[in-house]
Amino acid sequence: GINAEYMGWVWLPHAGINVTISDVRRTPRPAAIRELFAAMQLWRTSGRAKHYFWRTQQSCFCPIAFTKEALVEVRDDEIVGVWLAEDNQPLPPESWHRYWTVERLFARLQRAVRSADDYRVRYDPSGLPVAVFVNPNFDISSSVMS
């Protein structure tokens, strides 16, 4: 499986957003923790958390199939459908474990914000993370990159 601790993520909550990691600023850790918890509260009170669709794309050192942009449908914090964005082909339920709900992403971010060497997130006004980059260890990623 994928070791998700060593990947960067980019989420596209709706068509037309084009985000690169250079667009996402670094925030000092105490401020990043405050921003994360404020975003979680916004998301949970936005009214969007019960049933939503979101576009997601991962960037990682993993098979190319895992990095394709997908549309994920979530109802009551459970994934109920996933489609490839390029051709609207539904993915089989046994592949859905590779995709996250917003709550699952928040859980991962809570761990990462306290320990990652590089942690960058940008949120939309409803608290949805629209761009995330997590590098837990500069030394590991540097050796993978060289």
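Below, the structure is looked at part by part. (Residues numbered from 1 in each chain as written. Predicted model: local features only at pLDDT ≥ 70, side-chain atom pairs only at ≥ 80, totals over all residues. Heavy atoms only, no water.)

**Side note on the overall build of the protein chain**
Here is step 1 of the chain: Along the backbone of the protein chain there are 3 helices and 6 strands.
Here is step 2 of the chain: Taken from N to C terminus, the helices and strands of the protein chain fall in the order β-α-β-β-β-α-β-β-α.
Here is step 3 of the chain: Taken over 146 residues, the protein chain has a buried fraction of 42%.
Here is step 4 of the chain: For the protein chain, the proportion of contacts with a sequence separation of at least 24, taken over those separated by at least 6, is 56%.
Here is step 5 of the chain: When the accessible area of the protein chain is evaluated, it comes to approximately 8000 Å², of which 55% is carbon and sulfur surface. (Helix = DSSP H or I, 4+ residues; strand = E, 2+ residues; numbered from the N terminus. Buried < 20%, exposed > 50% of the residue type's maximum accessible area, 1.4 Å probe, protein only. Contact = heavy atoms within 4.5 Å. Areas by Shrake-Rupley, 256 points an atom, 1.4 Å probe, with all protein chains shown as cover.)

**Concerning the nonpolar core**
Here is step 1 of the chain: Ranked by size, the top nonpolar core spans 31 residues in total, and within it Leu-36, Trp-54, Val-82, Phe-106, Leu-109 and Tyr-119 carry the most contacts.
Here is step 2 of the chain: Among the elements that line this core, the one with the most residues is helix 2 (residues 102-115), at 6 residues. (Core = buried A, V, L, I, M, F, W, Y, C linked by side-chain atoms within 4.5 Å.)

**Notes on the environment of Ala-32**
Here is step 1 of the chain: In this structure, Ala-32 sits in helix 1 (residues 29-45).
Here is step 2 of the chain: For the pair formed by Ala-32 and Arg-120, sequence separation is 88 residues and the distance between their alpha carbons is 8.2 Å.

**A look at helix 2**
Here is step 1 of the chain: Between its first and last C-alpha, helix 2 extends 20 Å over 14 residues, near the 20 Å set by a 1.5 Å rise per residue.
Here is step 2 of the chain: Within the span of helix 2, buried status applies to Val-102, Leu-105, Phe-106, Arg-108, Leu-109, Ala-112 and Val-113. (Expected span 1.5 Å × (residues − 1).)

**A few points about the packing of aromatic side chains**
Here is step 1 of the chain: Under the definition given, this model contains 2 aromatic pairs.
Here is step 2 of the chain: Ring geometry for Trp-43 and Tyr-52: centres 5.0 Å apart, planes at 90°, overall edge-to-face. Here Trp-43 and Tyr-52 have matching classes, each one buried.
Here is step 3 of the chain: Taken together, a centroid distance of 6.3 Å and an interplanar angle of 80° make the contact between Tyr-52 and Trp-54 edge-to-face. Both residues of the pair, Tyr-52 and Trp-54, belong to the buried class.
Here is step 4 of the chain: Among the aromatic residues, those joined into a ring-pair cluster are Trp-43, Tyr-52 and Trp-54. (Phe/Tyr/Trp six-rings, centres within 6.5 Å; stacked < 30°, edge-to-face > 60°.)

**Brief notes about the pattern of salt bridges**
Where charged atoms from two side chains of opposite charge come close, those side chains can pair.
Here is step 1 of the chain: With the rule as written, the count across this model stands at 7 salt bridges.
Here is step 2 of the chain: Between Asp-124 and Arg-48 there is a salt bridge, with its nearest N and O atoms 3.4 Å apart. Here Asp-124 is found in the loop between strand 5 (118-123) and strand 6 (129-135), whereas its partner Arg-48 is found in the loop between helix 1 and strand 2 (51-59), with 76 residues between them in sequence.
Here is step 3 of the chain: In this structure, Glu-86 and Lys-68 form a salt bridge, with 3.4 Å as the shortest nitrogen-oxygen distance. Of the two residues, Glu-86 is situated in the loop between strand 4 (78-84) and helix 2 and Lys-68 in the loop between strand 2 and strand 3 (70-75); the sequence distance between them amounts to 18 residues.
Here is step 4 of the chain: Residue Glu-86 is classed as exposed on the basis of its relative accessible area of 57%.
Here is step 5 of the chain: Classification of Lys-68 as partly exposed rests on a relative accessible area of 31%. (Salt bridge = Lys/Arg side-chain N within 4 Å of Asp/Glu carboxyl O.)

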